[in-house]
Structures are given as structure tokens and as C-alpha cells.
Amino acid sequence: MRSMYLLGLVVIGTVAATAAGCGGDDEGSGGDGGAGGAGGATSSSTTSSTSVVATTSSAGGEGDENNSIETAEDIDFAAWVDATLEPVDADQDFYRFSGTKGQILAIETDAKPDDDPSDPTYPDLVVTLLDAEGTQLAQNDDQTPGVINDSLLYTVLPADGDYYLRLEECTSAFGTQGCASADEILDFDYSVRIFTVNVGADEEDSLVGETEPNDDAEQAGALGYDSTVENQQTVYYRTFVFGGFESATDVDVYSFTLPETPPAASGLKARFEVYGPTGPDGNGSTVDVSEVAVFSAADLTTAYAKVDASKGGDIEVPVQIGEEGKYFVFVKRAPGDVGANDFYILLHNRVESQGAESEDVANNDAATPEGDLASFENQGRGTSYVVDGQLVTDGDTPDVDFYEIPLPENVEAGWTVSAFCGAQRHGSGLRELKVELLNGDGTEIGADYTSTESDTEEALIDGLALPATVAENRLLAKVSSGTPAEDVTSRSYNCLFAYLPPQTN
């Protein structure tokens, strides 16, 4: 799920992207991150299922006697268990519980401090789900790799019976490769809890359970939106859709209409991503989602947006609101035999664009680039600019967009520039989206300052040096594309451009 949000946080680590996509993400706080960046708040159903939380003490904190399946400690649902890993790089704690087929679970850990969820002086936990025979079913390391190291695993149980959790530090699970040094860890304590995710019973709940049959638009189940007020602003919880494929040809369909309030000055986008990966090293599902497609209710013949989720793509496209804003989302499984536990978890957001393209005609020329892009300051003292644009060809003339990227006032020697843009990878019908950084007078800087999106990677220009002489105290960004897909009507893209100071350890 390589969203623009994750690229902003992971690829350009000091870019403090304010929300999912290149724009704002109206999602509540205090919730899950999920593997691969499924961040957001839990809904009212999840909150109610865990609102009464008792704290118990683990045997792991009293001598650590639960270091195997045979000596596993019973764990109660909804109760936090406090424990200790010692030695932190080798200790494994096991917990036992009973579950039922189809039960939706969330398994959450807490070791890192809230103000620094990747602090290397605290354990980087890995949680693993095992069946009664000790076979690994699912696993989660980080909610958001490189950003939130505490684990959060959503899964669906395949059968009635006993199950086990294994809690350990990253170096115990994977060795030293890819893990921070355990020598830096000073605090060995952690907490873990497990709870049932109760899907909503009303239209405003953001936890949605699939109800068959839902194979076409007429049978579509409606997606709900649950909101809260934070800092005197209405924000929406992330919508979780828990579904399953009953056959090798099953297709599941849901309807959605984004809430109109609060109003969004630059427009709204709909975002869909599949929570994964699947399999025993992921959420435990025995099937991949191959395609997620959005159709407008006004046109069910041609997809408005479509993405291959098996290649890590997600949907993030502008949508209409009001009477014209009803849409359907179709979820298809990958080809192959029916598995033992063919479930999926689809995540949905109401996303507010931070800045939409506003000069579609004038910005076709490098001499009149569009300026005044939405911007924000990065934690690394740099500045980022964001835009949601459209490349709509009029006649035989391909649309090209130019944007002005002013240098920050505090720029110094050693600063770099980065850019990344996505279209096809976010459901758009644009193909071969190309971003090129030019000097402020429109002249080329070099071949490395150009990147083209493929079906597996967004267009990325990562941390290149500024020109020796920056003309007009700015750079320009040129965005273009190849021949668009005929079976997808959206022509949207989103881009983030960032100036960053030299990185220090």
C-alpha cells in the first residue's frame, strides 16, 4: 500500500506529511495503524468493545514462565496485559485464547512512547498468531514501517479452537538484519491486548461487515461514516470493511456517498486501500485482492477509477458530493482456488484535498506556471508543496501542467529537492505519468531530475542536489503523461515536492 502518505513519511523521512494522500485526511485520532500504513482511528464499535479495560499482570513480568506454547499464559479479551522481555533480544512470551470461525480480531501492542513511536530505546515488538498446532497464521511487525513500530494485527480466525500469540522483539524474530540494534534498548516492558472487532449495526458505523449477496450495484451494501469532534473540527473515523470471497468468481460491491460536511474548499477525494499483506507473514488471509474499482452511479459501464491492489496500489481520486456523489466500489479476488480463509479488509477514507490545480489552461506553458501551491513546513526544516491535478487532453493536444516551486527563505548549501507523483497507482486512468524538475527559467537540470510512474512504482525523484545557480529563486515542475487507459475515466494525479536540508545523524 504505497500511498502518497507513506511515501512522504518513509521515502522522504523528514517530510511531515499532514495526512493521507497529498492532501488532508479527515480521520479521527487514537486508532490503528495496521501493517503497511493502515492508519486511522477506530470506530465507535471498536471503542465500545474495549471501553472497559482491566489491567492484569503477565507472568512474563514475574519470572517469565510463558516462553513456549506448553507454558502459554491465558489472555482475556479486552484486557491489557503488562509484561517484560528479558533478555530483550531473545525472550519470547506466549499467550493462549479460544476463538471461533469468522471471528474478527485486533491484536494490539504498546511498548514505544506516544511522543516518539519509533524510539530505539524501547522494544520494537512483533506479534505472531499461531494455531493450536503451533503453525503460524499471521504476523505484524510495525503499524507503519519506520514510523510506528508498535504492532497492530487485524485478522479473521479460520476455525473454532485454541490459538496462541507470540510476542518478541524484532531482533528475536528476524535477527539483526532490518532491525534496530537491541543494544540501544533501555526499557524492556510492553503491553498487549486482544479484542473482537464488532461490525456496525447501523448506517453511521465505520466498521462494516459484508452481507451476501452483494454481487452487483443493486445488492451493494452501504458504507458508513462515523465522526467525532477534535479541536473544534469534525473528523471522520477510517471505515473498515471486513469481507470474504465465497467462491473463485465472487465479486463484492459496496456503495458510498461522502459526507458533505465539513465543506472542503479544494474538494474531496475518496480513498480505498487493502489491508495487507496476506498470508502467514501478513494478516492471515488465504487470498489476494486483485482489483478495486470505483464506478459512478451515473455510469456503471466504465470504471471511474481502478487499481491493481495485488501490486500495492490504492484508490485516491477526487469525487463529487451531493446528488451527483453516489458511487460503487467493486472488490475482486485474484484468480485461483478457494482457500481456507479467503477474507479481505478494505480501508476507506474521506480525504480533503489540500490544494487542487486551479489554472488548467494557463499552466500548460513553462512561461506561465501555476504558483501559490499549498505548502507546509517539514520537521526537518524544509518545505513541501502539494497539488491534486488533472491531465485532460483537449482534442489532439496533450495536457501538460507546470508548477512553480519557490525556494525556502532559509535554504543553504547542501539542501536537496525531491518529488513524487502518483496517478495509475492511485486508480487514475493516466498512464506513464511523468514528473520533471526544471530550473526556474524552464531549462533542463539533468536526466536524473525526471521520473515516470509504472504500474508498480510511483514517479519518484529522491533527494537530488539543487542546481549550482537556481534561476528566479525557484524550480519548476512539469507533469505530463502518456496515452491514458480507455477503461478508466479519471485523469487525476497527485504530487508532492519537497526541499530538505542536509540530514544529520
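Residues numbered from 1 in each chain as written. Predicted model: local features only at pLDDT ≥ 70, side-chain atom pairs only at ≥ 80, totals over all residues. Heavy atoms only, no water.

A. Fine view of the packing of aromatic side chains. What the rule picks out here adds up to twelve aromatic pairs. Seen in terms of ring centroids, Y154 and F242 are 6.5 Å apart; in terms of plane orientation they differ by 50°. Their pairing is tilted. Of this pair, Y154 sits in strand β9 (residues 152–156) while F242 sits in strand β16 (residues 239–244), and the two are 88 residues apart along the sequence. Taking the centre distance of 6.1 Å and the plane angle of 20° together, the rings of F240 and F242 count as stacked. You can call F242 buried: its relative accessible area is 6%. Three or more aromatic residues link up through ring pairs in this structure, and these residues are Y154, F240, F242 and Y275. (Phe/Tyr/Trp six-rings, centres within 6.5 Å; stacked < 30°, edge-to-face > 60°. Helix = DSSP H or I, 4+ residues; strand = E, 2+ residues; numbered from the N terminus. Buried < 20%, exposed > 50% of the residue type's maximum accessible area, 1.4 Å probe, protein only.)

B. Main features of the environment of V411. Position of V411 among the secondary structure elements: in the loop between β26 (401–406) and β27 (416–422). The exposure class of V411 is partly exposed, given its relative accessible area of 25%. Measuring from C-alpha to C-alpha, the distance between V411 and P501 comes to 7.4 Å, with 90 residues separating the pair along the chain.

C. Just the state of the cysteines, in detail. According to the stated counting rule, one finds two disulfides in the structure shown. Sulfur-sulfur distance for the disulfide between C170 and C179 comes to 2.0 Å. Around the S-S axis, the bridge from C170 to C179 shows a dihedral of about -70° and counts as left-handed. Each member of the pair C170 and C179 is classed as buried. (Disulfide = S-S within 2.5 Å.)

D. Structural view of a negative patch on the surface. A contiguous patch of negative charge, built from D110, D114, D115 and D116, is present on the exposed surface. Examined against the element boundaries, D116 turns out to sit in the loop between β6 (104–110) and β7 (125–130). (Patch = residues over 30% accessible without salt bridge, like charges linked within 9 Å, V, L, I, M, F, W, Y side chains within 5 Å. Areas by Shrake-Rupley, 256 points an atom, 1.4 Å probe, with all protein chains shown as cover. Salt bridge = Lys/Arg side-chain N within 4 Å of Asp/Glu carboxyl O. Lys, Arg positive; Asp, Glu negative; His and termini not counted. Charge placed at Lys NZ, Arg CZ, Asp CG, Glu CD.)

E. Region of the structure containing the sheet that holds β26. In spatial order, the strands read β26-β31-β28-β29; together these four strands make up an open sheet with antiparallel pairing. Taken across any chain shown, the strands that pair with only one partner, and hence form the sheet edges, are β26 and β29 (450–452). Across the sheet, the mean angle separating the axes of adjacent strands is 20° when strand polarity is ignored. The pairing of strand β28 (residues 434–439) with strand β31 (residues 474–480) spans six bridges and is classified as antiparallel. Within β31, the position partnered with L437 by the bridge is A477. (Pairing = 2+ DSSP bridges. Axes fitted to C-alpha atoms, helices over the stretch in contact; angles between N-to-C directions.)

F. Structural context of the sheet that holds strand β3 (residues 73–74). Read across the open sheet, the five strands follow the order β3-β5-β10-β7-β8; overall the sheet is mixed. A single partner strand is all that each edge strand has here, and the edge strands are β3 and β8 (136–140). Note that strand β5 (residues 92–99) and strand β10 (residues 161–169) share eight bridges and pair antiparallel. Opposite S98, over in β10, you have D162 as the bridge partner.

G. Expanded view of empty space enclosed by the protein. With the rule as written, the count across this model stands at one cavity of 30 Å³ or more. If you add up the space inside the largest cavity, you get close to 60 Å³. Considering the residues around the largest cavity, the lining is formed by 13 residues, among which E316, P318, S492, Y493 and N494 are closest to the centre. Taken together, the elements giving at least two residues each to the lining of the largest cavity come down to β21 (315–319), β25 (383–390) and β32 (492–500). (1 Å grid on protein atoms, 1.4 Å probe; cavity = no way out; pocket = protein on both sides within 12 Å on 5 of 7 lines; lining within 4 Å. Points joined across faces, edges and corners; volume = space filled by probe spheres on them.)

H. Quick look at the side chain of S151. Relative to the assigned elements, S151 resides in the loop between β8 and β9. A distance of 3.2 Å separates a polar atom in the side chain of S151 from the backbone oxygen of N140. A polar contact is formed between the side chain of S151 and the backbone oxygen of D141, at a distance of 2.7 Å. Residues contacting S151, with those up to four places away along its chain left out, are I107, E108, T109, L125, V126, V127, N140, D141 and Q143. (Polar contact = N/O pair within 3.5 Å; in protein donor to acceptor, adjacent residues only side chain to side chain. Contact = heavy atoms within 4.5 Å.)

I. Quick peek at the pairing of strand β20 (residues 305–308). Covered by surrounding structure in β20 are A305 and V307 only, the residues K306 and D308 on the alternate face being uncovered. Sheet topology note: the strand β19 (residues 289–296)/β20 ladder contains four bridges and is antiparallel. Among the inter-strand pairings, A293 is bridged to a residue of β20, identified as K306.

J. Fine view of unusual backbone geometry. With an omega of 5°, the peptide bond running from E86 to P87 counts as cis. Inspection of the secondary structure puts P87 in the loop between β4 (80–84) and β5. Going from E212 to P213, the amide bond is cis rather than trans, its omega being 0°. Among the secondary structure elements, P213 is positioned in the loop between β12 (207–209) and β13 (221–222). One non-glycine residue, E472, lies in the positive phi region at around 55°. Note that E472 resides in the loop between β30 (459–465) and β31. Even without glycine at this site, N473 takes up a positive phi of about 60°. With respect to the element layout, N473 can be found in the loop between β30 and β31.

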